[in-house]
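Results of the structural survey
The chain contents come next:
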Amino acid sequence: MSTTHTDREELIERSLPFLEEIKDMTTGTEVEQWLNRTHGPDSALYRSLARLVRQGVRDGWAANVELDGPVYRRSRIAEPSERTLGFSITAVYMDSTGNTQGNPGHAYRGQYHAHPYGEFNMVVPLNEGAALNGPNGWCEAGWTAPAPGSHHYPEARGGAVIALFFLPAGRIAYHPAPRD
């Protein structure tokens, strides 16, 4: 069995008890706070998943499909299935370093999307000060939990981050942003 397959499988296996724990939760501010208290950056789950997804990005099996060159990449690690309790597992890499989009705070803005059933999103900074914008503000390390029906442009600032996210039923909707 290849190292890539073994590491990817380890990330999925390590996620299964977490998915069992969250399977009946509805994302939003209360769940985001719970995630950060229970599975924050000092927890065994966070450290383990962060190590595995960082390794996956380094080895090229996670966040390996370029959306905007090497600074914005995504890949599905696991499709929703009975094994994953209907969740998909996806990794996104975003790097705001040298960004020329002209957004406030030199934030890099990714592809507009909606979360029909919400999103459980673990944020892994790759350098100090790197953060991902969530529904409750910038998150340097920890969790965001956009509620069902939420929509946004994902934004990173201060360097590179990985978002490891778990989608109920694998649902995410990519479509043009509404006009102002």
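Residues numbered from 1 in each chain as written. Predicted model: local features only at pLDDT ≥ 70, side-chain atom pairs only at ≥ 80, totals over all residues. Heavy atoms only, no water.

When a protein is soluble and globular, its nonpolar side chains tend to lie buried together. In this structure, Leu11, Leu35, Ile77, Ile89, Leu164 and Phe166 are the most contacted members of the largest nonpolar core, which totals 34 residues. The greatest single-element share of this core, amounting to seven residues, is contributed by helix H3 (residues 44-59). Discounting chain neighbours no more than four positions away, the residues touching isoleucine 77 are Arg8, Leu11, Ile12, Trp61, Ala62, Ile89, Thr90, Ala91 and Leu164. Of all hydrophobic cores here, the second largest spans 14 residues; its members include Tyr72, Cys139, Ala163 and Phe165. (Core = buried A, V, L, I, M, F, W, Y, C linked by side-chain atoms within 4.5 Å. Buried < 20%, exposed > 50% of the residue type's maximum accessible area, 1.4 Å probe, protein only. Helix = DSSP H or I, 4+ residues; strand = E, 2+ residues; numbered from the N terminus. Contact = heavy atoms within 4.5 Å.)

We now examine the sheet that holds strand E9 (residues 142-144). With antiparallel pairing, the six strands of this open sheet are ordered in space as E1-E2-E3-E12-E6-E9. The open sheet has two edge strands with one neighbour each: strand E1 (65-66) and E9. Relative to strand E6 (residues 120-125), H3 is tilted by about 70 degrees, and along the sheet it contacts strand E2 (72-78), strand E3 (87-95), E6, E9 and strand E12 (160-168). (Pairing = 2+ DSSP bridges. Axes fitted to C-alpha atoms, helices over the stretch in contact; angles between N-to-C directions.)

In this structure the tally under the stated criterion is six salt bridges. Between arginine 83 and glutamate 13 there is a salt bridge, and its shortest N-O distance comes to 2.6 Å. Placement of arginine 83 in the loop between E2 and E3 and of glutamate 13 in helix H1 (residues 3-22) is noted, with a sequence separation of 70 residues between them. The exposure class of arginine 83 is partly exposed, given its relative accessible area of 37%. By relative accessible area, which is 41% here, glutamate 13 ends up partly exposed. A salt bridge links arginine 76 to glutamate 79; the nearest nitrogen and oxygen atoms lie 3.0 Å apart. Counted as one network, the salt bridges with shared partners bring together Glu9, Glu13 and Arg83. (Salt bridge = Lys/Arg side-chain N within 4 Å of Asp/Glu carboxyl O.)

Now for empty space enclosed by the protein. Summed over the entire model, instances satisfying the criterion amount to one cavity of 30 Å³ or more. Empty space within the largest cavity amounts to approximately 170 Å³. In terms of lining, the largest cavity is formed by 19 residues, of which the most central are His113, Glu119, His152, Pro154 and Phe165. Only E2, E3, strand E7 (131-134) and E12 provide two or more residues apiece to the lining of the largest cavity. With three residues, E7 is the largest single contributor of residues to the lining of the largest cavity. Counted by class, the lining of the largest cavity contains eleven nonpolar, six polar and two charged residues. (1 Å grid on protein atoms, 1.4 Å probe; cavity = no way out; pocket = protein on both sides within 12 Å on 5 of 7 lines; lining within 4 Å. Points joined across faces, edges and corners; volume = space filled by probe spheres on them. Nonpolar A, V, L, I, M, F, W, Y, C, P; charged D, E, K, R; others polar.)

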